[in-house]
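Each chain, written out:
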Amino acid sequence: MPSQNDYDVIIVGAGWYGLIAAYTYLELAPGTRLLIVDDGESIGGVWNTERIYPNLFAQVGHGLFEYSFYPMKKEGLTKDRYISGKTIHDYLQSFAEDFDLVRRIKLRTTVTDARNVDGSWILTLNGDDKTRISSTKLIVASGVTSGPYVPDFPKDGFAKPIIHSGQIGTQIAHLTSPDVQRATVLGAAKSAYDTVFLLLKAGKSVDWIIREDGSGPLAIMPPKLAGLVNTVDIMGTRALASFSPAILNTSGVWYKFLQKSSIGNSLTKMFWRSVTWMAEWQAGYSKSANTEKLRPIPSGYGIFWANSGLGLASVPDFWKVVHAGDLTVHRTEISGFADHNKVILKNKDVLETDQVILCTGWTDNLGLFDESTRVQWGLPSSADVGNEWEKLDAKADKIVLEKLPFLRKNAPDTETPYSHTRPWRLYRRLVSPSMAAQGDRSAFFPGQIHSVYTPLVAEMQALWGVAYLLGRIDLPNQEEMEIEVATWCSWTKRRYLEQGRRHSYSIYDYLAYVDTLARDLGLNTSRKSNPFSEMFLPYRPQDWRGLIPEFLQAEKKKGITGNEFKTLSSNGNLGNGKLAPCIEVEDLLNYMGKSKVT
Ligand SMILES: Cc1cc2nc3c(=O)[nH]c(=O)nc-3n(C[C@H](O)[C@H](O)[C@H](O)COP(=O)(O)OP(=O)(O)OC[C@H]3O[C@@H](n4cnc5c(N)ncnc54)[C@H](O)[C@@H]3O)c2cc1C
Ligand SMILES: *[C@@H]1O[C@H](CO)[C@@H](O)[C@H](O)[C@H]1NC(C)=O
Ligand SMILES: *[C@@H]1O[C@H](CO)[C@@H](O)[C@H](O)[C@H]1NC(C)=O
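Along each chain, the written sequence defines residue order, and numbers are assigned to residues from 1. Here every chain gets a letter starting at A, and every ligand a number starting at 1, in the order they are written. Per-residue local features of the predicted model are confined to residues with pLDDT of at least 70, and side-chain atom pairs are confined, for both listing and counting, to 80 or more; whole-chain, interface and lining totals are unaffected and use all residues. Based on all heavy atoms of the structure, the side-chain values leave hydrogens and waters out of the count.

Draft legend 1. Structural view of the overall build of the protein chain. Under the DSSP-based scheme used, a helix requires at least four consecutive residues in state H or I and a strand at least two consecutive residues in state E, with every element numbered from the N terminus. A tally of helices and strands in the protein chain yields 21 helices and 24 strands. Here the C-alpha radius of gyration of the protein chain, 24 Å, is about what a compact globule of 598 residues would show, namely 25 Å. Projected onto the principal axes, the alpha-carbon positions of the protein chain cover approximately 70 × 65 × 50 Å. The contact rule is simple, with two residues in contact once any of their heavy atoms fall within 4.5 Å. Of the contacts made within the protein chain by residues no fewer than 6 positions apart, 74% connect residues no fewer than 24 positions apart. Throughout, the Shrake-Rupley method with a 1.4 Å probe supplies accessible areas, and for residues the shown protein chains are the sole cover considered. Surface summary for the protein chain: the accessible area is close to 23,900 Å², and the carbon and sulfur share equals 52%. In this count, Lys and Arg are taken as positive residues and Asp and Glu as negative ones, while His and the chain termini are left out. By convention, charge coordinates are those of NZ in Lys, CZ in Arg, CG in Asp, or CD in Glu. Of the charged side chains in the protein chain, 66 are positive and 65 negative, and the gap between their average positions amounts to 5 Å. Atoms counted for the radius of gyration: C-alpha only. Globule rule: 2.2 Å times the number of residues to the power 0.38.

Dropping the structure here:
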């Protein structure tokens, strides 16, 4: 007899990924006892009411940032169609209301511990051993931009507030009040750009600290390329994607031409150089010694490598405000804080400040798992050093360079202090190869991919993940899954340098990822009406409308014709020629000196 604290499924996180996972689960298995737990005061994760603030805009245009079957209202948009935080919050709130999720969400509750006991999950809430809940399945959608990473500094006698960028929403009244005249911002990622903009726009003086070494400042695309066409629309086309060396797309004429021929490689290089030139010109880095310090590295190709990430200047007048504002950029580090209001820099300068905002990024937000669970489930862990993965990584790296010679020929010398990584080791960025191979299909982990088209990735991951939990998708054997994992990890490091070392970065390549999951599910991946549109029109979530019925249809068909959509069967045999072309497993196995699979 199940008690009130037993569920079929528990989802951690009520953001983009958690909500769609809940919807999808209930679609595929109506009647499921499902609970969503979130530590926020309101629904939406990153986009909940506490964390949004005026002038926070998504880097995505209207029509591209929504679930395929649930259009977003046209409210709170910039003139270039970029969407305000409030519009996104309202969208997620009404999504939860319309699909009867609100009563299943438990807010203001932190899952402090999660462990797998005999194939089901026991969760501790709010650190209280007496409030335990359990479930058969667990979906971890805890978000990779929700747990603040806060470095520790000496703070002798310092009396001014120090906050993390994640707290701006709740501190906005103070930040924009007359109590703050001078603010200090630390960091070079997107959140630092948002913060500096907010402060300058409010008329504050800003000291912006960006370390001298490391991966440099964020690369920034203008809202419209050359002032003409919407940048995210272009980024959503297959045409643009084909210029990015992507390990998930190593077939077809465009791949052969742009990535495998030397003329194509030169063209690819020219393409990225031009886009970088255009973006830098629109930014106007050369206008002052200050903004010159914001120029991304590697020089001339910042937009291609996205070494510190890729941002989009979606808020109106971004560069205008930055150029006109009282801003000083310091390329150094903070040594500490002292003496009521002093910031001590590593270069010995001392600044006075009323407020410090640390834009130092995020943790993996997996604090609910102990080390052994992390190791077992392929989550970032210390087990990654000096083990079998190293050998697999080295081999996978060779394959990546062979398939995508552009990354070898143009690799910049960017060894940085943080090269040690703790990658996620998940097949299709979702599930643990070893646990899946043992037949434990009790958990999946959506949302680690960094792209700007979150909702579509979330929807496809939800369907794949739920199908997996319900045993409705076939997987290859453990070895092949591990090769896929190693290949992805090696690729993202090569492709996006420091970002790829730290995250599962996939900014220009998300379409190939979405296609890969879709193929596993038996879905049609060419969804436009003709080849021209397919190549040159942006892919929008609405192109994927009807995803779940189509999956059910494919499942039915598979039932009749026998595993038609199998990728690799569980005994390691290749399915009937329908291997998802993510990486050519056969090639890899051959390369690795394994006997050829038949
Ligand atoms: C300022 C900002 C701007 C962004 N802009 C864009 C953009 O333009 N385009 C884009 O694609 N992405 C953007 N992102 C990335 C962002 O990751 C995605 O938009 C998306 O919100 C991620 O959704 P998620 O469901 O994975 O995680 P989240 O939205 O972070 O939701 C996870 C929720 O789970 C909660 N949680 C975590 N651990 C626990 C626990 N143990 N117990 C209980 N609750 C827990 C978290 O607090 C959070 O509320 C932005 C991020 C930030 C911070
Ligand atoms: C690769 O990209 C091309 C367009 O550049 C597209 O036509 C093709 O379907 C993609 N293939 C895969 C395997 O994703
Ligand atoms: C895929 O969808 C497109 C657009 O609806 C359609 O033209 C095409 O015939 C479909 N392909 C298959 C194999 O069903």
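Draft legend 2. Looking closely at the UniProt feature "transmembrane region" (unreviewed entry) in the protein chain. UniProt positions are given in the numbering used here, feature names are shortened, and annotations may be inferred rather than shown by experiment. The sites that carry the UniProt feature "transmembrane region" (unreviewed entry) are, in the present numbering, residues 7-26. Along residues 7-26 the backbone is 55% helical and 30% strand, and the end-to-end C-alpha distance reaches 13 Å.

Draft legend 3. Expanded view of the pairing of strand 3 (residues 57-61). Burial here depends on accessible area, computed with a 1.4 Å probe over protein chains only, as a share of the maximum for the residue type. Under 20% is buried, over 50% is exposed, and the range in between is partly exposed. When you tally the buried positions in strand 3, you get 5 out of 5 residues, the bulk of the element. Strands are labelled as partners when DSSP assigns at least two bridges between them. In the sheet, strand 3 pairs with strand 4 (residues 82-84) via 2 bridges, with the strands oriented antiparallel. When the bridges of strand 4 are listed, Phe 57 appears paired with Ser 84.

Draft legend 4. Here's a closer look at the site of ligand 3. For this description, a residue counts as near a given molecule or strand if any of its non-hydrogen atoms is within 4 Å of it. In the vicinity of ligand 3, the contacting residues are Asn 524, Ser 526, Arg 527 and Lys 528. Polar contacts, as counted here, are pairs of nitrogen or oxygen atoms within 3.5 Å of one another; within protein the pair requires one atom able to donate a hydrogen and one able to accept it, and residues that are adjacent in sequence qualify only if both atoms are side-chain atoms. Contacts to ligand 3 include Asn 524, whose side-chain N or O atom sits 2.3 Å from an oxygen atom. Contacts to ligand 3 include Ser 526, whose backbone N or O atom sits 3.2 Å from an oxygen atom. Expressed as a share of its isolated accessible area of 370 Å², the protein-covered part of ligand 3 is 30%. Among the residues forming the shell around ligand 3, the class breakdown is no nonpolar, 2 polar and 2 charged. Ten residues, namely Ala, Val, Leu, Ile, Met, Phe, Trp, Tyr, Cys and Pro, are considered nonpolar, four, namely Asp, Glu, Lys and Arg, are considered charged, and the remaining ones, Gly among them, are considered polar.

Draft legend 5. Just the domain arrangement of the protein chain, in detail. What counts as a domain boundary in this text is fixed by an automatic or database domain assignment. Parsing the protein chain into structural domains produces domain 1 (1-146 + 364-383 + 421-475) and domain 2 (148-362). Computed over C-alpha atoms only, the centres of domain 1 and domain 2 are separated by 28 Å. For the pair domain 1 and domain 2, the summed buried area comes to about 1,900 Å², and 56% of that belongs to carbon and sulfur atoms. Three residues stand out in domain 1 for area buried against domain 2, namely Tyr 53, Gln 59 and Tyr 82, and they jointly supply 32% of the buried area on that side. Basic side-chain nitrogens of Lys or Arg form a salt bridge, by our definition, when they fall within 4 Å of a carboxyl oxygen of Asp or Glu. For the interface between domain 1 and domain 2, the tally reads 2 salt bridges. For Asp 80, the salt bridge goes to Lys 224, with nearest N and O atoms at 3.9 Å. Here the quantity called buried area is the total loss of accessible area, with a 1.4 Å probe, experienced by two parts when brought into contact, counted for both.

Draft legend 6. Quick look at the nonpolar core. The biggest cluster of nonpolar side chains holds 148 residues, and the ones touching the most others in it are Trp 16, Leu 19, Trp 208, Leu 310, Trp 319, Trp 464 and Tyr 508. When residues in this core are grouped by element, the largest group, 11 residues, is from helix 16 (residues 454-469). Built from parts of two domains, this core gets at least three residues from each of domain 1 (1-146 + 364-383 + 421-475) and domain 2 (148-362). For Tyr 508, the residues in contact, after removing those within four places along its chain, are Met 221, Met 235, Leu 240, Ala 241, Ser 244, Trp 272, Ile 303, Phe 304, Leu 310, Arg 495 and Tyr 496. In these notes, a set of buried Ala, Val, Leu, Ile, Met, Phe, Trp, Tyr and Cys residues joined through side-chain atoms within 4.5 Å is what counts as a nonpolar core.

Draft legend 7. Representation of the sheet that holds strand 21 (residues 355-358) within the structure. Taking strand neighbours across the sheet as the criterion, the 5 strands line up as 10-21-11-12-17 in an open arrangement whose pairing is parallel. With one partner strand each, in any of the chains shown, strand 10 (162-164) and strand 17 (327-330) form the two edges of the open sheet. Averaged over neighbouring strand pairs, the angle between their axes works out to 20 degrees when direction is ignored. Helix axes are fitted only over the stretch in contact, all axes being lines through C-alpha atoms; the angle between N-to-C directions runs from 0 to 180 degrees. Those strands touched by helix 4 (residues 190-201) are strand 11 (182-186), strand 12 (205-209), strand 17 and strand 21, and its axis lies near 165 degrees from that of strand 12.

Draft legend 8. Examining the environment of Ser 288 more closely. The topology assignment puts Ser 288 in the loop between helix 8 (262-283) and helix 9 (289-292). On the basis of relative accessible area, Ser 288 is assigned to the partly exposed category, the value being 30%.

Draft legend 9. Region of interest: the confidence of the model for the protein chain. For the protein chain, per-residue confidence averages 90 on the pLDDT scale, and 91% of positions sit at 70 or higher. A residue's pLDDT is the confidence the predictor assigns to it, expressed on a 0 to 100 scale. Contacts from residues 562-585, a stretch scored under 50 in pLDDT, to residues over four places away or in other chains number 63 contacts. Confidence drops under pLDDT 50 across residues 589-598; counting only partners more than four residues distant or on other chains, this segment forms 21 contacts.

Draft legend 10. Seen up close, the pattern of salt bridges. One pass over the structure, following the stated rule, counts 35 salt bridges. The partner of Lys 155 in a salt bridge is Asp 152, with the nearest N and O atoms 3.7 Å apart. Owing to a relative accessible area of 71%, Asp 152 belongs among the exposed residues under this scheme. For Glu 498, the salt bridge goes to Arg 501, with nearest N and O atoms at 3.2 Å.

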